[in-house]
Structures are given as C-alpha cells and as structure tokens.
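Take a look at the letters that make up each chain.
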2 protein chains.
Amino acid sequence: MTARRGTRVTLVDVARLAGVDKAIVSRVVNEDPSLVIRPDTRERVVEAIQNLGYRPNVAARSLRTAKAGTLGLVIPDFANPVYAEIITGAESAALAQGHVLVTGSSTGANSSMDRYLDLLGQGRVDGLMLASPTTAHEQQKLESLGLPWMMVNRRDTGDHHRFVILNDAQAAKLAVEHLLELGHQEIVHVAGPFGADTARRRATGYRQAMKLAGLDVRAESIARGDYTPGGGADAMAQLLRGGVLSPTAVFVANVAMAVGVLDTLRRNGLRVPEDVSVVAVHDLPLAEHLVPALTTVRMPLQELGARAVELLLASSPEDEVAEVVNTAMELVQRESTAPLTRD
Amino acid sequence: MTARRGTRVTLVDVARLAGVDKAIVSRVVNEDPSLVIRPDTRERVVEAIQNLGYRPNVAARSLRTAKAGTLGLVIPDFANPVYAEIITGAESAALAQGHVLVTGSSTGANSSMDRYLDLLGQGRVDGLMLASPTTAHEQQKLESLGLPWMMVNRRDTGDHHRFVILNDAQAAKLAVEHLLELGHQEIVHVAGPFGADTARRRATGYRQAMKLAGLDVRAESIARGDYTPGGGADAMAQLLRGGVLSPTAVFVANVAMAVGVLDTLRRNGLRVPEDVSVVAVHDLPLAEHLVPALTTVRMPLQELGARAVELLLASSPEDEVAEVVNTAMELVQRESTAPLTRD
DNA sequence: AACCATCGTTCAATCGTTTGACCGACAGTA
DNA sequence: TACTGTCGGTCAAACGATTGAACGATGGTT
C-alpha cells in the first residue's frame, strides 16, 4: 500500500523495518530451503515486504547471479501470423517459468540480426531462439556469446544439432490423405522455396502419401513458389500450363501461397472446389476469410514456441538439442475441398 | 577475435591488458566528454577491447545507473496485424536510441496485465507503453511504479494526459470523401465497439465528412460492430434490414469487420463494387487478398509506435504526454469501390 | 625558486542482492 | 562441569560498471 513514488525500496529498508538482517529478507524472498527461521520472524519480514511494497531489483540480482531472467527470440517479421503463434507460445512458457521474453525482428530498418546479437549478448538474455535465417558468420557470433541457443521451426544445414521443428511431413500427409479420401488422384503440389527446410519436409510428406496410395509423382506435378501469394499464383499457373493431365486437387505448402493459387484458378475459369480442391498448411485466421474458405492442416505452432523455451531453459551452450514436436495435428475442413466429381 | 567461451571479459581484464585503470576504459567505452586522454593510450584501450571482445555487462551498468536500457510494450494480441505494425515501428525507434523493446501480450494464458506489471516493475524497463485496455486498478499500479508510461492508439477516459493516437477522424474523412467523389450519397457506416475510442473518432470523421457534403446522417445509417468479422457481418445485416433507402456504399471502421461486411453483402445478392462500394480503415496485407480486393485508408501505425518510443524516452513520470500523430494518410484504391451507377 | 594550472590518470565509494562463513544462546548428554 | 549440536540468526565479500575526487608530473609564470 505504502507506495512511495521515486524512492526505491531495497532489502535494507525491509530488513530495518522487520528488525532483522537483510540476508534473512533475501532468503525469505527467494524461499531458500536452507533457511531456518521462527514463524513470527518470517511473519514480520513478510509484513514489512508488503507494507513497503518491496520488489527485488533485477539489475542487482542479475549482477550477483549472472542470470538475466530473460530469453530472446528473433523472428523475421512481426506481421507474419505464423510467428505470432510461435511468440504467443514462447511467451507464456517463458512467463510460466518466471522469465521475460524479448522478441526482435531481424528485418527491420536498423535491426539487423547482427545488431541484435550485439545488444543481447551482454548478459541481457540467458538464451536465444532463432526463427530467422542465419548466416554462418552469425552462428559463429552466437557461439562466441557462450549462451544456449537454438533454431526454431528451422533446421540448419550445419553440423550443429540445435533445433526444434514440427512434423511437417506428417502435416503434408494429412492434407494429401484428405484429398485422396475425397477421391482425388491427380494431386499436384505447390511447394515452398528451396531454402526453407519446412518446404522440403512438406514436399517429402506429399511424395510419401502419394506413394503410399500407389500414385506416381512426376516432376511436372510439383512447382516451387516463394511462400508468398505472388509466388503461389505463378507456381499454380506453371502447373496448369505444363501438365499433361489436368489436376483435380492442389496441396499448397502454406496459406500465403494458397491465396495466389486461388486467384490463378479463378482467373483460369476453374471453380474451387467444384473443379479443383485446394488444401494448405498451416491454419491461419486468414484461411477462414478467403473465398472460398480454405481447408487447412493446423500445426501446433504455439507448442513449438513453448517447447523451444523449455528446451532452452534446460540446456547448456554445449548441449545438443534436436526435437520434433509431435503434438497431434488437425485437419480443418472448410469450403475449398470437395469430393471428386467425374464429368 | 579472442572469444573465450564461458569466461566473461570485464573492465578489469581490459584495463590490465591496456595497462591503465578500469576508470579509463569505462570512460572510453562511454565516450565520456570530460575525459582527456592521450591518443596512444586511447589506442591501447580500444585495441584491448577488440582483442578481448569486451562487452559491458548490462546488469552491472543498470545497477549503477538505475537505467535498464529497455522499454516495455503491452499489446492485447500478437496475432492482430495492427499491433504488428506498431511493434515494428516501436522496435526500430527503440533500437535507434540504443534501447531494447520488450513486447508482451496481455491476453495470454498466464500473462495477465497484472503479471506483466509485476515482472516489469522491478527496474527491468525504463518506461511502458500500453496498447491494451487498462483497468483503473492497473493504472494505479502503473503510477506506483514511478515509471513514465503512456497509452498507444488509445486515449483513456481518466484525467491523465498520457497518450499518442492517430488522426482517426481524418482517416474516416478520407474514406468517405473517396466515396463521395465516386458519386455515392447513401453512405452507411459500420462502426467499431462503444469502448474503443478509435471507433468513436472514426464515426465522428464520418459524420463530419457527410455534413460537409450536405448529407444527413440518421441513426439508422450507423451500426456498431465489435471489430471482428462476425460483428461486421451482423452490423451490415442490420443496416440492410433497417434502412429505408438502400445504401450504395459502406464505410467500415476496420478491415476485420469489412471481411464480414463483404460476406453479408454477398449473401444478400449484392455485388461489390457494382451494387455497393466498400472502404475500410486501415490498410493491412489481408485487404489485398480479399475478394474483391479491399479499398482502404492506410494509417501511419509504424510511426505511431516510433513516436510513442520517442515521447516515452523524453518524458518523466510526471509529464503529460498527449500527441496526435499527423503523418499523411493514404487512400489505397483497390477493387471494392467504384463510381455510382444509376439504374 | 616558489607557485600554479593543466593534463592524464588513478582511487575508491557506490548501486542492491546473494550466499558461504561465522557466532551466540540454549538444550541435551556424558 | 565441560562438550556437542542444533537453532536462529548476523557478517561481509563478492558481482562489474560508473563517477566525483584526488593526485603526481610537467611546463609556464613571476
């Protein structure tokens, strides 16, 4: 209640009011198990803390303990809703463990990755999660910070094993199996860019599911886009042009490209889902509002973020971290997929 | 180059290597203007810093200076792209001034606003920006922290004057004037929720623009939604039902509601833009991918975030802060608006 | 020759917590 | 009585950077 503005309340103030040494107060605050104390003394201390509105000073504590109580997360772009989900999951996991999450984007005007590493590598964070593409030079810098770090939703090509990813292949299989169940056989794939390992895994899942169903996948059945609407539109156009057989269904590697795919189909006079079914990975709010509403496979991105935090907090800089989060995925069926209708 | 893992390099290490006192090193690092030093000494110091890869310890510095070098931003939800823009702007402004931005959401599982204030009010941040709704109790708590703080894109009803907002009325006027220029007169408004002051200002702008054009605004010309697609759909349905005259154009208070508005219009057999034109505030990536692509008024949200940071860093807890960011807004014309065609 | 100013640098207190070491009082035991 | 062991605390040294004050050397002035 007594919240004096301006004056910071310290351990000493509390100790004085409670008539004990500050060491006692510190141990009470931190619930030191080695502390033996009379109940009434503890009472006095707790009361004094309440009365003065004492809050431990983070800087002093960090200085002493060499722990910041903070984790860093670097993402490419705040506007991408995929990262929003990762952030949300990471944030609440961090909070649950008494840590604060600092999220930075690596593409801002003056916020290069390098700049961030400089800022964060001074004891400001206890660990770092990277959902952004990272150069070898940056990785080296990371190593030199002596912090635990890991890639999130991204598996790097180096010899490091420090990542948490999702089961993208499984998601792709779910999507393709849905199309198969609807009777489709001419299923093409709009894949993600070469550099993205999520794209690679989704393509693999597509191939596996097709193979399992006894269907061929020819080179012309796959076109690569860059995870943007424009890229998706182009890739779809290419598939329509090149194919000998006309596809009755499309599996798209992400929702952004699906937007372009829908557009290309519409421009070519193809109705969705009457003429062509479309399904994409992963479910985003946007998917519901497209016309037609998009069928998707929802991936556990929040859990990915949360798991990353847990692993980070439990690891040393030297530890290997390699995990595939295998929480169940869910097919979200909307208007863009329908049973095959033979003309 | 010499980046020893594990061992932290301190001022003393640098001082020893350079053969000077640590005070000198500190002053060199901080570019203390009162420092007089021989060029060759400075050289030695700088070199030692480089060689050891010295980075000042933030905790120690914070403890001594009572500054954290960090600003806090609390938003309701990371998934909302409106906040993504504010974050981006705030982040790069903060970085430009050598500060780190900590962004937290107030709606997460265990991340109530209260919890955040607890975590941040321990010297972890030098100031706080709130883009979330705030209770009186929370505001009181804020005051007791003795930090400078302000509301962002939200003006509170209290007697405080601590906010940065945009010129929402002006945005609304731009939108309505666009419709007027296209020849529309029966222009209705799907407004935002009662609690949101942005909604109030946009409604005011709508009224002003109509009045300026010599047009009446009757009560039935405005319906309130809750800034969600569902709310927009309902509000539009209400406008179609209640009105004596059928509207030829709709001004929608945000893009999320516009999604629902488009849906309701479609379900009622009205084509956009042939039968009804639709324009919304503010421009989001999503707007481009709706069918039809949505005409919007782009607001300077990044600048809002940036300006908030600047004002925060330049203010004391006692200062009043009340600013309307007046950067030019822009009408982004797409497919959802067209000239009035008289049947 | 004594004095003073300036330059370039060192000294040392301080920020608020944490934590191992230490210590007096009291009870139980031999 | 002397000794040992717990209980309930106190003491003080860190952690690393900042910053006002002090200080020795040098050169110039009178």
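Residues numbered from 1 in each chain as written. Chains lettered and ligands numbered in written order. Predicted model: local features only at pLDDT ≥ 70, side-chain atom pairs only at ≥ 80, totals over all residues. Heavy atoms only, no water.

Undergrad: Mind showing me how you'd approach the protein's contact with DNA strand D here?
TA: Surveying the vicinity of DNA strand D reveals 27 residues, the closest of which are A:D21, B:L11, B:Y54, B:R61 and B:R64. One nitrogen or oxygen atom from the side chain of B:N30 is found 3.0 Å from a phosphate oxygen belonging to DNA strand D. Of all elements in the fold, only α2 (22–29) and α4 (58–65) of chain A together with α2 (22–29) and α4 (58–65) of chain B reach the threshold of two or more residues within the surface near DNA strand D. Tallying contributions element by element places α4(B) first for the surface near DNA strand D, with five residues. (Near = heavy atom within 4 Å. Polar contact = N/O pair within 3.5 Å; in protein donor to acceptor, adjacent residues only side chain to side chain. Helix = DSSP H or I, 4+ residues; strand = E, 2+ residues; numbered from the N terminus.)

Undergrad: Would you mind going over the UniProt feature "domain: HTH lacI-type" (unreviewed entry) in chain A with me for this structure?
TA: Feature annotation in UniProt places "domain: HTH lacI-type" (unreviewed entry) on residues 9–65 of chain A, given in this structure's numbering. Structurally, residues 9–65 of chain A comprises 67% helix and 0% strand, and the distance from its first C-alpha atom to its last is 20 Å. (UniProt positions renumbered as here; feature names shortened; annotations may be inferred.)

Undergrad: Looking at this structure, how should I read the domain arrangement of chain A?
TA: Often the size quoted for an interface is simply the accessible area lost on bringing the parts together. Residues and elements named next belong to chain A. Here the domain parsing of chain A yields domain 1 (11–56), domain 2 (68–166 + 302–325) and domain 3 (168–299). Each of domain 2 and domain 3 has a C-alpha centre, and these two points are 30 Å apart. Across the boundary between the two partners, domain 2 contributes eight residues, which contact eight residues of domain 3. Approximately 700 Å² of surface area, both sides summed, lies buried where domain 2 meets domain 3, with 51% of it carried by carbon and sulfur atoms. It is E85, N153 and L166 that lose the most area in domain 2 upon contact with domain 3, and together they represent 54% of the buried surface on that side. The tally of links from domain 2 across to domain 3 stands at zero salt bridges. At the boundary of domain 2 with domain 3, the tally comes to three residue pairs in polar contact (both at pLDDT 80 or more). Every element with two or more residues in the side of domain 2 that touches domain 3 is listed here: α5 (81–96) and β5 (162–166). (Domains from an automatic or database assignment. Contact = heavy atoms within 4.5 Å. Buried area = accessible area lost by both parts, 1.4 Å probe. Salt bridge = Lys/Arg side-chain N within 4 Å of Asp/Glu carboxyl O.)

Undergrad: Can you help me understand the relation of the copies chain B and chain A in this one?
TA: Relating one copy of the chain to the other requires a rotation about an axis plus a shift along that axis. The transform that puts chain B on chain A rotates by 180 degrees and translates by 0.0 Å along the axis, for an RMSD of 0.0 Å. In short, the pair behaves as if placed about a two-fold rotation axis. Looking at chain B, 100% of its interface residues are interface residues in chain A too, so the copies touch through the same face. (Least-squares fit on C-alpha atoms with pLDDT ≥ 70 in both.)

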